[in-house]
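# Topology and contacts: notes
The residues making up each chain are set out below.
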Amino acid sequence: MTFQRKHILGLEELTAEEITLVLDTAESMKEVSERDVKKVPALRGVTVCNLFYEPSTRTRSSFEIAEKRLSADVLNFTLSHSSVTKGETLLDTARNLEAMGAGVIVIRHPMSGAPWLLAKELDSSIINAGDGSHEHPSQALLDLFTIREIKGRIKGLKVVIVGDILHSRVARSNIWGLVKLGAEVRVVGPPTLIPKYIENAKVRTFYNLDDAIEGADVIIMLRIQMERQESVYFPSLREYSRFYGLTREKLKRASEDVTVMHPGPINRGIELSSDIADDAGSVILAQVSNGIAVRMAMFYLVASAGRNV
Ligand code: CP
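Residues numbered from 1 in each chain as written. Predicted model: local features only at pLDDT ≥ 70, side-chain atom pairs only at ≥ 80, totals over all residues. Heavy atoms only, no water.

## What to know about the site of the ligand
This is how it is decided: Being near a molecule or strand, for a residue, comes down to having at least one heavy atom within 4 Å of it. Whenever two N or O atoms come within 3.5 Å, that pair is a polar contact, provided that in protein one can donate a hydrogen and the other can accept it, and provided that, for residues adjacent in sequence, both atoms are side-chain atoms. Using a 1.4 Å probe, accessible areas were evaluated by the Shrake-Rupley method; residue-level cover was limited to the displayed protein chains.
Every residue close to the ligand is listed here: Ser56, Thr57, Arg58, Thr59, Arg108, His136, Gln139, Pro263 and Gly264. Within the backbone of Thr57, an N or O atom sits 2.8 Å from an oxygen atom of the ligand. Between the ligand and Gly264, the relevant distance is 3.3 Å, taken from a nitrogen atom to a main-chain nitrogen or oxygen of the residue. For the ligand, whose accessible area on its own is 250 Å², the fraction buried by protein is 91%.

## Here we look at the pairing of strand E4 (residues 125-131)
Note the following rule: Relative accessibility under 20% of the residue-type maximum defines a buried residue, over 50% an exposed one, and the middle range a partly exposed one, all with a 1.4 Å probe and only protein chains included. Each helix is a run of DSSP H or I of at least 4 residues and each strand a run of E of at least 2, with the numbering of both proceeding from the N terminus. When DSSP finds at least two bridges between two strands, those strands are taken to pair. Orient the strands so they point away from the viewer, and a crossover whose first-strand-to-second-strand path over the helix runs clockwise is right-handed.
The element E4 is extensively covered by neighbouring structure, given that 7 of its 7 residues are classed as buried. With 5 bridges joining them, strand E3 (residues 102-109) and E4 adopt parallel strand pairing. By the bridge assignment, Val104 is partnered in E4 with Ser125. Crossover connection from E3 via helix H4 (residues 114-121) to parallel E4: handedness right-handed.

## Some words on helix H11 (residues 281-304)
Put simply, the rule is: Under the convention used throughout, the expected extent of a helix is 1.5 Å for every residue step, that is, one less than its residue count. Note that the bend at a residue is defined as the angle between axes fitted to the seven residues ending at it and the seven residues starting at it.
Helix length check: H11 (24 residues) gives 35 Å between terminal C-alpha atoms against 34 Å at 1.5 Å per residue, within 8%. Of all the bends in H11, the greatest measures close to 25 degrees and is centred on Gly291. Burial analysis of H11 places 17 of its 24 residues in the buried class, which makes it a mostly covered element.

## Focus: the domain arrangement of the chain
Interfaces are often described in size by the accessible area the parts lose on coming together. The criterion, for reference: Domain start and end points were adopted from an automatic or database domain assignment. By definition, the buried area sums, over both parts, the 1.4 Å-probe accessible area that each loses when the two are put together. Salt bridges are defined by distance alone: a side-chain nitrogen of Lys or Arg within 4 Å of a carboxyl oxygen of Asp or Glu.
Annotation of the chain at the domain level lists domain 1 (16-136 + 290-304) and domain 2 (137-287). Just the C-alpha atoms count here: the centres of domain 1 and domain 2 sit 26 Å apart. Together domain 1 and domain 2 conceal approximately 2300 Å² of surface at their shared face, both sides included; 56% is due to carbon and sulfur atoms. The three residues of domain 1 that bury the most area against domain 2 are Leu23, His136 and Asn290, which together make up 30% of that side's buried surface. Seen at the junction of domain 1 and domain 2, the total is 4 salt bridges. The partner of Arg148 in a salt bridge is Asp24, with the nearest N and O atoms 2.9 Å apart. Along the contact surface separating domain 1 from domain 2 lie 18 residue pairs in polar contact (both at pLDDT 80 or more). Those elements that place two or more of their residues in the side of domain 1 that touches domain 2 are helix H1 (16-33), helix H2 (58-69), E3, E4 and H11. The element contributing the most residues to the side of domain 1 that touches domain 2 is H1, with 9 residues.

## Looking at the pattern of salt bridges
Overall, the coordinates contain 18 salt bridges when judged by the stated rule. We note a salt bridge from Lys68 to Glu64, for which the minimum N-O separation is 2.6 Å. One end of the pair, Lys68, and the other, Glu64, are both in helix H2, 4 residues apart, so they sit about a helical turn from each other. Exposure remark for Lys68: the relative accessible area of 40% places this residue in the partly exposed category.

## Digging into the packing of aromatic side chains
For clarity, the threshold we go by: To pair, rings of Phe, Tyr and Trp, with the six-membered ring standing in for Trp, must have centres within 6.5 Å; the planes then decide the type, stacked if under 30 degrees apart, edge-to-face if over 60, and tilted in the middle. By definition, being over a ring means that NZ of Lys or CZ of Arg is both within 6 Å of the ring centre and within 35 degrees of the ring normal.
For the structure shown, the criterion picks out 4 aromatic pairs. When the ring of Phe63 is compared with that of Phe299, the centres are 5.7 Å apart and the planes differ by 75 degrees; the resulting orientation is edge-to-face. Residue Phe63 is located in helix H2, and its partner Phe299 is located in helix H11; the two are separated by 236 residues in the primary sequence. Among the aromatic residues, those joined into a ring-pair cluster are Phe234, Tyr240 and Tyr244. For the cation-ring pair, Arg172 lies above Tyr197, with the distance from its terminal atom to the ring centre recorded as 4.0 Å.

The structure is reproduced here in structure tokens:
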């Protein structure tokens, strides 16, 4: 199949075939990343702007490395030194960047839906690097890629997503992707952090971590998102950690070869005990490394769709 999309905004709108094509393409891109000269000319002459309205370590760096490996011209927008501080709107800012030749805009924004607004109003291709509590497609795609790489498949796996489902764009995008690719998805967290949309998402909901991780093949731990919690959703971090933090004892209920993942950044001692964080470290860093190949694949497929870039 060929990829026909000008934008990559979320996994809710991608088909299983499109997701699989991104993962397959990322395998070739990973091979590029393992060469001595880690560069191909796929985006030569294309300007890509990284427009980040929220902090980021992994996603921003990973997109930038992916852009450079594809030979794009890279423009990094720094919010604190921009005219946003003088009141310029998102749309005006993006239109100005497009006027300077940005063929692709990678956007992270605290407002859910911001990438869709740009996709509607601009000619540039838009890639969503995380919008509010809504979607984080590149993270979910790299999670899917890493699961497929480690387990050899996604279909039929028991995948548990643990924690702050309500505020997590990582959870939402992963749920769409995992369900489309045939995984058996379970979510678990305090009732106050389980969102309404879950009822129609073809996943099983648990409130008890021991029950949820029984026989799990993959466990995706989520970060508690303090910055998105307007009210108090649980009595204390200590209590949250007691019931929903992953410990060696709790992990005994999972499958023997369970894979523990985390999108980062980790709150050590809250979502994961420090020893589990260290044990899972190689997988968590593999997620980060795979992110470059997956993001290269996203750019490559948007470019090969033949519009704008
Ligand atoms: N996983 C993730 O989105 O991390 P950053 O916020 O550091 O980009």
